[in-house]
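Overview (structure and organization)
Next come the chains, spelled out residue by residue.
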Amino acid sequence: MKFTDLFITRPVLACVVSFFILLVGFNAYEQLGIRKYPKIEDAAITVSTSYVGASADLVQGFITTPTQQAIASAEGIAYITSTSSSGLSTVVAHIRPDYSADKALTEIVAKAAEIRGELPDGAKDPVITKGNQEGTALMYLSFSHPSMAPEEITDYLKRVVQPQLATIEGMGEVQFFGARNFAMRIWLDPTRMAAYNITAAEVNSALLRNNFLSTAGETRDQLSVTQVKADTNLTSISEFENIVLRNEGDRLVRIKDIAQVSLSADSFDMSAFTAGEPAVMLGISPTPGANPLDVAKLVRKEMSKIQQQVPDGMIAGISYDVSLFIESSIKEVLSTLLEASLIVVVVVFLFLGQLRSVIIPVVAIPLSLVGTLFLIWMLGYSINLLTLLALVLCIGLVVDDAIVVVENIHRHIEEGHSPKQAALMGAREIAMPVISMTLTLAAVYAPLGFLAGLTGTLFKEFAFTLAGSVIISGIIALTLSPMMCSKLLTQTGHQGFAGRIDDAFERLMAKYKKLLRGNLQYRLVTLVFAILILLTIPPLMMVSQSELAPNEDEGFMLIISSAPQYSNLAYMEQNTRQFEPIYQQFPEYQSSFLLNSGANVGDTFGGMLLKDWSERERSIFDMQQELQDKINTIPGINAFVILLPPLPGSGGGAAVQLVIKSVADHKQLAQVSEQLLEAARNSGLFMFIDSDLKFSKPELQVSIDRDKAAQLGISMEAIGTTLSTLLGEGEINRFALSGRSYKVIAQSVAESRNDKDWLGRYYLRTASGGQVPLSAVITIDTIVQPKSLNQFQQLNAVKLEGAPAQGVSLGDALDFLNQQAESLLPAGFQLDYDGQSRQYYQEGGQLYGIFFISLIAIYLVLAAQFESFRDPFVILVSVPLSICGALIPIALGFASLNIYSQIGLITLIGLISKHGILIVEFANRLTQQGYKVQEAVIEAATVRLRPVLMTTAAMVLGVMPLIFASGAGAVSRYNIGLVIATGMTIGTLFTLFVVPVMYSYLAREHKPVEEVSQVPLTAG
């Protein structure tokens, strides 16, 4: 190809092309955002409906079922889960990553509004929120004060801090933990109520009549308008105490006679601790699609202002910030980028021996990287862990083309040609192979762009970044590199260090040529050996551990614990406060936080934050089992140590999440799940595993003698109102305090609801005006029920959740559960998956199909370039052999089959085929010049030995920083680096001997062609 002559003869033009690449690249860098992962909308829309005092089965039947039936028909929903617990229905619609969360939210809001009239009268309006599917918030902020009550801290945060945080760009939700809102509590004494002949229904009625929010209107005359305000509502404790319940002549019976009134909290079933001290915490979650790094940066900036304005004595801090891991990971990758660049520079120098020669491929590195930034910006991508990882791999790739050009021109100079003549000749010879290698690598990654789901969203940017960098490097190799060779390279005359390098390679080439000639004498042996190697691939894959993505050391271990279902908040605090002394036994400990949940009392969420990666010797993988063993010594609770999900969109929780679903009732589900749990616990494959369905929560079943109640004139409404008022903690109405409204809640004092006998002592009004105890019309039985009733895709469900033991992959753990379930589950029971397990099955297998599509794509591209269906087969014969080499360390347990290692395998297709292209293209030209096939391939392989070894060394040694990486995000980098290094090393050895053998079998004789070039081309 003569177009390269233009840039050699016009060096300013070549420089201008490169300067233009730098210009647009630097301009793009200023506009690129920085994220952890590519932008992905991993949205979940939650519909929460409160029905205070209702049992779980009542909530499921009257609220959860109609709600999920209504929203299930909305577009874009991947699957629906629901939880029905005492007083609360929660339905979660998980949105597909490729669908707009805003559109889904709009439709779900409309669907929920349609069935509002079907819900019970006592149910609150559904609260619909949009959030991401992460198991933890982006940040947790803590606020504590030695003398302020939780209600006072909560009120301050809601009035001052929350509004400041809510205005931050990208802020999705500010969630309160350990918060207690002010409420006017009417603590009723049933004994005194009976003495004063007052019923719970009458208290309710009096509160509604006397605490009334009036909208009086206004007066008008001809020239003015005056607002009328009537003080019909109550605002103080004394006003509520003095509400008149009955007028008995001269004596008024007031609220204070039968109750104690206090300004207290609306709920006492949640608490939060930071570093072992009580606090109120705020969970910061960004909107789906928002940049978490930007949000975290703005929150930290806002927190510095908040810390300066909080009341004296209040301690405000950041207990947990996942963005620190993201930032540390990005810094580590940038450090790896620099290390890889230096290593490649050294490799090139050791192979060429001349500083002048080194400059040419080294210049290609920054030019290609900066130029790639422009392509990233044009495609709307960001700088994230995956695009940065692609840039690390780019370093080994982008120098390949320049190395091939430099080596070929250097060879012609050593043969006695002038630098300019050698540049013209060498660039023409190598232009076609460079274009072929560039298009080949681009073709490898093109199919990744068509992947759907999470894998497609994540790795599309990775693939196109690599493809773009290869295209940029190809442009530089054909424009700038030949021109620089013509100006910088000189004949060494086999003197000095460069001469010794040349001599060493000449001796190596001579030995290789001899070995290759002998190898071609026993072609069948080589062919059989290659076939045997290919046959080892299936068994290697079978013994390899598989998972979706490897866990990372994020500097944080998550603790999830549960207590017996009869436990209350005091029980939980008594046990979970033992966590902190255990944490402090670890030298790596930095801080901790603990959230005792209010939605389901008996559940705890928290964790231990570790010191910076540079300040500790052990990883979380070394500490996880030790921490689990120590926490297991706490009696009374089940606590589990889990690691954060390695990929976004999993919804949090442990890695193993197997769902058993059926139309059968929850009792049958519990029986089946217990059998599967027992098998799992006895297998030794799990660090822990548990079920979310247990029939162990005590429930009092109140049976009513309806005939007797009718005879006494007692309605079911009166019985229900009495129970809900004295036990339910429900909101009656609201009162105003400092410009805000708060709940008014009537409830029996704690001493009058501490056992079931008290239910019979509550009094009801009869038709005659007298009172009878509730025991006159009811009987009470104690039964056990689950804490919550869960459904998955609108079927009753139980979830088995756990973590694989050390050394056990997610794939092996799930395979065991699937095999056991197949033999244990009755007809009509189905398996499904949630969280990371769902991602594993949905996303993990996609890349295997893409691997074969990439192989076909690269074959077709090569066939078009070589105008042959045989040559591409010869070139690609070493690909499966290199795959075998990459699978060996995986099968030996040094890594696992995951999306990172699979991406490495796909990358190997393009990398290893470059060697075959160099050999086959040159061999074809030699056969055109009259060489016999065997002689042509021997000569071609010998001449191309040096660039093949150079490009292999540059790539293999360039990924060494990935293999020996440490710190944040090191595990994923290690996986992809190991696959490329081992695959390239072994694949190169096969290329040098198997490709010539296959060429000798399959290549056709090429007729000599008339040379039309004005500059004679010399073979060899």
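In the annotation of an unreviewed UniProt entry, the chain is listed under the name Efflux RND transporter permease subunit and assigned to Dasania phycosphaerae. Under the UniProt heading Subcellular location (unreviewed entry), the note attached to the chain is "Cell inner membrane".

Attention now goes to the side chain of glutamine 657. Mapped onto the elements, glutamine 657 comes out in strand S20 (residues 656-662). A relative accessible area of 2% places glutamine 657 in the buried class. A distance of 3.1 Å separates polar atoms of two side chains, one belonging to glutamine 657 and the other to lysine 799. Discounting residues that sit within four places of it in the chain, glutamine 657 has contacts with Gly652, Lys799, Leu800, Glu801, Asp832, Tyr833, Asp834, Gly835, Gln836 and Ser837.

Quick look at the packing of aromatic side chains now. A full pass over the atoms with the stated rule returns 22 aromatic pairs. With a centroid separation of 6.0 Å and an interplanar angle of 85°, the aromatic rings of phenylalanine 240 and phenylalanine 735 are classed as edge-to-face. One end of the pair, phenylalanine 240, is in helix H8 (residues 237-241); the other, phenylalanine 735, is in strand S23 (residues 731-737), and 495 residues separate them in sequence. Each of the two residues, phenylalanine 240 as well as phenylalanine 735, counts as buried. Here phenylalanine 556 and phenylalanine 593 contribute two aromatic rings whose centre-to-centre distance is 5.8 Å and whose plane-to-plane angle is 5°, an arrangement assigned as stacked. Here phenylalanine 556 is found in strand S16 (residues 556-562), whereas its partner phenylalanine 593 is found in strand S17 (residues 589-596), with 37 residues between them in sequence. For the pair shown, phenylalanine 556 and phenylalanine 593 are each scored as buried. Ring-pair connections join several aromatic residues into one group, and the members of that group are Tyr140, Phe177, Tyr320, Phe556, Phe593 and Phe605. When the ring centre of tyrosine 79 is taken as reference, the NZ or CZ atom of arginine 838 above it lies at 4.0 Å. The positively charged end of arginine 944 is found above the aromatic ring belonging to phenylalanine 922, 4.5 Å away from the centroid.

What follows deals with the environment of serine 562. Structurally, serine 562 is set in strand S16. In this structure the C-alpha to C-alpha distance between serine 562 and threonine 576, which are 14 residues apart in sequence, comes to 9.7 Å.

Turning our attention to unusual backbone geometry. Despite not being glycine, alanine 275 has its phi angle at roughly 50°, a positive value. Relative to the helices and strands, alanine 275 is located in the loop between strand S13 (271-274) and strand S14 (277-286). Not every positive phi belongs to a glycine, and glutamate 729 is a case in point at roughly 60°. Within the element layout of this structure, glutamate 729 appears in the loop between helix H24 (716-727) and S23.

For the rest of this paragraph, the subject is the sheet that holds strand S7 (residues 182-188). Ordered in space as S12-S7-S24-S23, the four strands form an open sheet in which the pairing is mixed. This sheet does not close on itself; its edge strands, each paired only once, are strand S12 (259-265) and S23. Strand after strand, the sheet turns through a mean of 30° between neighbouring axes, direction not considered. Seen against the sheet, helix H5 (residues 150-166) touches S7, S12, S23 and strand S24 (740-748) and runs at an angle of roughly 150° to S24. Lying over the sheet, H24 contacts S7 and S24, oriented at roughly 110° with respect to S24.

Rules of the game
- Residues numbered from 1 in each chain as written.
- Predicted model: local features only at pLDDT ≥ 70, side-chain atom pairs only at ≥ 80, totals over all residues.
- Heavy atoms only, no water.
- UniProt positions renumbered as here; feature names shortened; annotations may be inferred.
- Helix = DSSP H or I, 4+ residues; strand = E, 2+ residues; numbered from the N terminus.
- Buried < 20%, exposed > 50% of the residue type's maximum accessible area, 1.4 Å probe, protein only.
- Polar contact = N/O pair within 3.5 Å; in protein donor to acceptor, adjacent residues only side chain to side chain.
- Contact = heavy atoms within 4.5 Å.
- Phe/Tyr/Trp six-rings, centres within 6.5 Å; stacked < 30°, edge-to-face > 60°.
- Lys NZ or Arg CZ within 6 Å of the ring centre and 35° of its normal.
- Pairing = 2+ DSSP bridges.
- Axes fitted to C-alpha atoms, helices over the stretch in contact; angles between N-to-C directions.

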